[in-house]
Structures are given as structure tokens and as C-alpha cells.
Amino acid sequence: MTEHETPKAEHTAEGQTGHAEHAAEGRTGHKEAGDDRSRHAGGPAPGAAADQEPPGQEDGEQVGTGIETSGGPEAAIPELVIISGMSGAGRSTAAKCLEDLGWFVVDNLPPALIPTMVELGARSQGNVARIAVVVDVRGRRFFDNLRESLADLAVKGVTRRIVFLESSDDALVRRFESVRRPHPLQGDGRIVDGIDAERELLRELRGDADLVIDTSSLNVHELRAKMDAQFAGEEEPELRATVMSFGFKYGLPVDADLVVDMRFLPNPHWVPELRPYTGLNEEVSAYVFNQPGAKEFLDRYAELLQLIAAGYRREGKRYVTIAVGCTGGKHRSVATSEKLAARLASQGVETVIVHRDMGRE
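Quick caveat, the model's predicted, so the values are computed rather than measured.

Q: Where do I start with the overall build of the chain in this structure?
A: If you tally the helices and strands in the chain, you get 9 helices and 14 strands. Within the chain, the proportion of its 361 residues that are buried is 51%. Accessible surface for the chain amounts to roughly 16600 Å². Of this, 48% is attributable to carbon and sulfur atoms.

Set out below in C-alpha cells:
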């Protein structure tokens, strides 16, 4: 059974700070299913970043930030997350998740006003400590100002993160058709024409994103689980990882940073007593890792990931998606993902496990 979000942005103010109200995403739609195949490995959900402590103030201005304050106690610069991505990919769901976590969320804010929003947050005496801004092509001509605004934030020393919601053309077309709404950029053309135009417009922003989430096969609950994994909790770990099992016959995950191919191991599908089960089953997992080279591969790849993780930290990359594939995404990839996620968690990497294709057969 599928449910789709229908967009309208609503904002109400409470006092001087306010809370952003979000209805479901505008012309988009997002699939919702009953089961949730996403979970954490090795502990509770990771934490959101703590508020940055600003340097000292002089003459009512924060040194090194360029953001003026109204005097009085030293003001903290709000944490900023920019949510963008394809229309229909679930921006409203991601924004609503952050709102539920206590973020001040503003939908469809013209990019030129983002620095002003951050400055107002800095003047709120801590009442607005975390700001999330949804930026999309509904901003039309304002969207061209986004890069200038990001450069302005960098000059002022504001730390920002960009979350980009991605989805396949097929999934986006299905969502638009299900709600019988046009794509905001299709004009007199087809939905796919609007999707192509939007991808081209967002290409550079996608390359700058700190976190890319592919929602092609995610339902609302799974997307919320991914957002919770990145932004919920008390402390922010140095690196967060999503370990995703998948089936090659269903296509590569577009948001994968690293791809592992487990098809070099015998397929439990051809063992009659194991075929009905998945890699979560102990017998299936034992069968997979009793094969020659399986345990050695896991050990060496875990060591390789330690080197990669250290490099990511040095480069300031906070998120990594490791896609582990086999033919159908049911046996070998699932068993390996579980083992690999446990290794990462034991090394202090906050880890989420997603079994993308398990249950599709």
C-alpha cells in the first residue's frame, strides 16, 4: 500500500523564534510501506552536532564570523543544514524529521535570505540553535543565488551541511503520476523533461552535498530512519556509515560511496534448505562465511575501511555509504553487511544497516 505526500509549506511564528510548520512535499509524493528495513548497529542513534562555541565578541560583533549580535551574552552561531534535491525525492519528509527533532525548519526560503536567517538565529539568545532550510527549484530565480549565499556563509565562518535527496527517474515519474501533478519544471513537455532539467540545474549542488540519500526504494519510515541516524541524539560522531545490502539485478544504489561485490562466493539460493531464508538467518550466515576466502575478505576489507575512514575524517567527510551486493540482495550481501556493520560499530563508527532488496523476491 502506498501513500504520497502532498505539499504545502506553512509557517507560523511563536514569539521571536517561531516554529516552521510543514505539510507534505509540494508536487511530489513519497512511497510509504509497512516494514522498516533500516536500523542501527552498535548502539543508539547518532547525535546531532553540538552548538558551536563562538569566539569572543568585540563591539557587539562575533570575531571571525562577520555576524553581528545585539550585545549582551556571547551568542552561539546556529547549526545550519540545507535540504535540497529532486522534486518528489522526499524533501518534505526529511524536513519534517528534523522539525520533530527540534530544528527550526524553513521551507522554500529564497537562498539569498539564508545568511539573514542565520544572523537572526544568532540573535535569539540560544532559542534557535539549529536551523534547517529547504531549498528547491520552486525558488525559481532565487535558486541562482544559492552559491553566492553559501560563499557568504563560508566567509562568515558559519558551518553548514547540505543534504541532497536523490531518486531514480522511474521512481519520480511514478510518484508524480500517482498524485496527478506536473513536475515544476516540465512546462509544456513531459514529466521526464522536467526531471532532466532539474537534474542539470542541481548537478553542481549534488556534487557539493555532504550527505546524498537515494530514496528510490525507501518508504517514508526508512527515510526518517536515515535522517534520525544522522541527526538524532546527543553527540555527533566523527564519521557515520550506512551499510546497505542490495541485489545487482535490481541496480546499483546511486548514493553508494563504496561498492562491494560478494558474488565471488557460492550462492545459498542453490541450497534448497537455505533458499527460503535470508542472510539474517544464522545457518545462511554460517554457510556464507564457511566458504573459502569469505572470512579473509571480511578481515581485509575491514582493515581497508579503517584507512579510508581515517582519510575521510582528514578531509572532513562525515558520511559514507557502503553498498554490499550479491545477485538478489537476499543472502550473501545481507550476511556480509551484518558482519561489516558490526566491525565498523566496534571501531567507533556510528553505523546504520539498510537491506534494500531483502524481501523483494
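Next comes the rest of the write-up.
Q: How do you make sense of the side chain of His355 when you look at a structure like this?
A: In this fold, His355 is placed in strand β14 (residues 350-355). We classify His355 as buried; its relative accessible area is 4%. Of note is the side chain of His355, whose polar atom sits 2.8 Å from the side chain of Glu338.

Q: Just to check I follow, could you spell out helix α1 (residues 91-100) for this structure?
A: Owing to its 3.6 residues per turn, the α-helix aligns residues three or four sequence positions apart on the same side. Where burial is concerned, most of α1 is hidden: 8 out of the 10 residues are buried. Listed in full, the buried residues belonging to α1 are Arg91, Ser92, Thr93, Ala94, Ala95, Cys97, Leu98 and Glu99. Once α1 finishes, Gly102 follows within two positions and takes phi at roughly 100°, a positive value.

Q: Help me out: how do you make sense of the environment of Arg332 in this one?
A: Residue placement: Arg332 occurs in helix α9 (residues 332-346). Classification of Arg332 as buried rests on a relative accessible area of 3%. Along the chain, Arg332 and Gly279 lie 53 residues apart, while their C-alpha atoms are 6.2 Å from each other. Setting aside residues no more than four positions away along its own chain, Arg332 makes contact with Met262, Arg263, Leu265, Pro266, Asn267, Pro268, Val288, Cys326 and Thr327. Of note is the side chain of Arg332, whose polar atom sits 3.0 Å from the side chain of Thr327.

Q: Before we go on, may I ask you to explain the environment of Ser337 in this structure?
A: Mapped onto the elements, Ser337 comes out in helix α9. A relative accessible area of 0% means that Ser337 is categorised as buried. Spatially, the C-alpha atoms of Ser337 and Leu280 are 9.7 Å apart, while their sequence positions differ by 57 residues. Those residues in contact with Ser337 that lie beyond four places of it in its chain are Val243, Met244, Ser245, Val324 and His355.

Q: What's the story with the side chain of Ser216 in this structure? I'm lost.
A: Among the structural elements, Ser216 can be located in the loop between β10 (211-214) and α6 (220-231). One polar contact links the side chain of Ser216 to the main-chain amide nitrogen of Ser168, over a distance of 2.7 Å. At 2.7 Å, the side chain of Ser216 forms a polar contact with the side chain of Asp214.

Q: Teacher, can you tell me more about the sheet that holds strand β9 (residues 160-166) here?
A: Backbone hydrogen bonds hold the strands of a sheet together, and the pairing may be parallel or antiparallel. Taken in spatial order, the 5 strands of this open sheet run β7-β8-β6-β9-β10, and their pairing is parallel. Strands with a single pairing partner mark the edges of an open sheet, and in this sheet they are β7 (104-107) and β10. Strand-to-strand, the axes of this sheet are offset by a mean angle of 20°, without reference to chain direction. When strand β6 (residues 79-85) meets strand β8 (residues 130-134), the two strands line up parallel, connected through 5 bridges. Residue pairing for β8: Val81 is matched across the bridge by Ala132. α1 rests against β6, β7, β8 and β9 of the sheet, and its axis sits at about 160° to β6.

Q: Just checking my understanding: could you explain the packing of helix α7 (residues 282-289) against α9 for this structure?
A: Direction vectors running N to C along α7 and α9 enclose 90°, while the axes themselves pass 9 Å from each other. When the axes of α7 and α9 are compared, the pair comes out roughly perpendicular. Residue-level inspection shows Ser285, Val288 and Phe289 of α7 in contact with α9, the latter providing Arg332, Ala335, Thr336 and Lys339. Residues belonging to the contact of α7 with α9 are distributed by class as follows: 3 nonpolar, 2 polar and 2 charged.

Q: Looking at this model, I keep getting lost on the nonpolar core. Mind explaining?
A: The nonpolar side chains of a soluble globular protein tend to be buried with one another. Core analysis: the biggest nonpolar cluster contains 49 residues, and Leu98, Ile114 and Met227 have the highest contact counts within it. The contact partners of Ile114, leaving out residues within four places of it in the chain, are Leu80, Ile82, Leu109, Val133, Val135, Leu146 and Leu153. Core analysis: the next-biggest nonpolar cluster, separate from the first, contains 27 residues, Val260, Leu298, Ile322 and Ile353 among them.

Q: Would you mind showing me how to read the pairing of β9 here?
A: As a general feature of sheets, a regular strand has side chains that alternate between the two faces. Taken across its 7 residues, β9 has 6 buried, putting it largely inside the fold. Looking at chain direction, β6 and β9 are connected through 6 bridges and run parallel. Counterpart to Ser84 in the pairing with β9 is Phe164. One ladder, built from 4 bridges, connects β9 with β10; its direction is parallel. When the sheet's bridge partners are listed, Glu166 is paired in β10 with Asp214.

Q: What's the story with the environment of Leu109 in this structure? I'm lost.
A: Tracing the chain through its elements places Leu109 in the loop between β7 and α2 (114-122). Sequence separation between Leu109 and Val134 is 25 residues, and the spatial gap between their C-alpha atoms is 6.6 Å. If sequence neighbours within four positions are ignored, Leu109 has contacts with Ile114, Met117, Val133, Val134 and Val135.

Q: Would you take a moment to explain the packing of helix α4 (residues 169-179) against helix α5 (residues 191-208) for this structure?
A: Describing two packed helices takes the angle between their axes plus the distance from one axis to the other. In contact at an axis separation of 10 Å, α4 and α5 are set at 125° when each is read in the N-to-C sense. When the interaxial angle is binned, α4 and α5 end up oblique. Pair α4 / α5 crosses with right-handed handedness. Across the interface between the two elements, Asp169, Leu172, Val173, Phe176 and Glu177 of α4 pack against Ile191, Val192, Ile195, Asp196 and Arg199 of α5.

What counts and how
Residues numbered from 1 in each chain as written. Predicted model: local features only at pLDDT ≥ 70, side-chain atom pairs only at ≥ 80, totals over all residues. Heavy atoms only, no water. Helix = DSSP H or I, 4+ residues; strand = E, 2+ residues; numbered from the N terminus. Buried < 20%, exposed > 50% of the residue type's maximum accessible area, 1.4 Å probe, protein only. Areas by Shrake-Rupley, 256 points an atom, 1.4 Å probe, with all protein chains shown as cover. Polar contact = N/O pair within 3.5 Å; in protein donor to acceptor, adjacent residues only side chain to side chain. Contact = heavy atoms within 4.5 Å. Pairing = 2+ DSSP bridges. Axes fitted to C-alpha atoms, helices over the stretch in contact; angles between N-to-C directions. Parallel < 35°, antiparallel > 145°, perpendicular 65-115°, else oblique. Nonpolar A, V, L, I, M, F, W, Y, C, P; charged D, E, K, R; others polar. Core = buried A, V, L, I, M, F, W, Y, C linked by side-chain atoms within 4.5 Å. Left-handed = near helix turned anticlockwise from the far one by under 90°.

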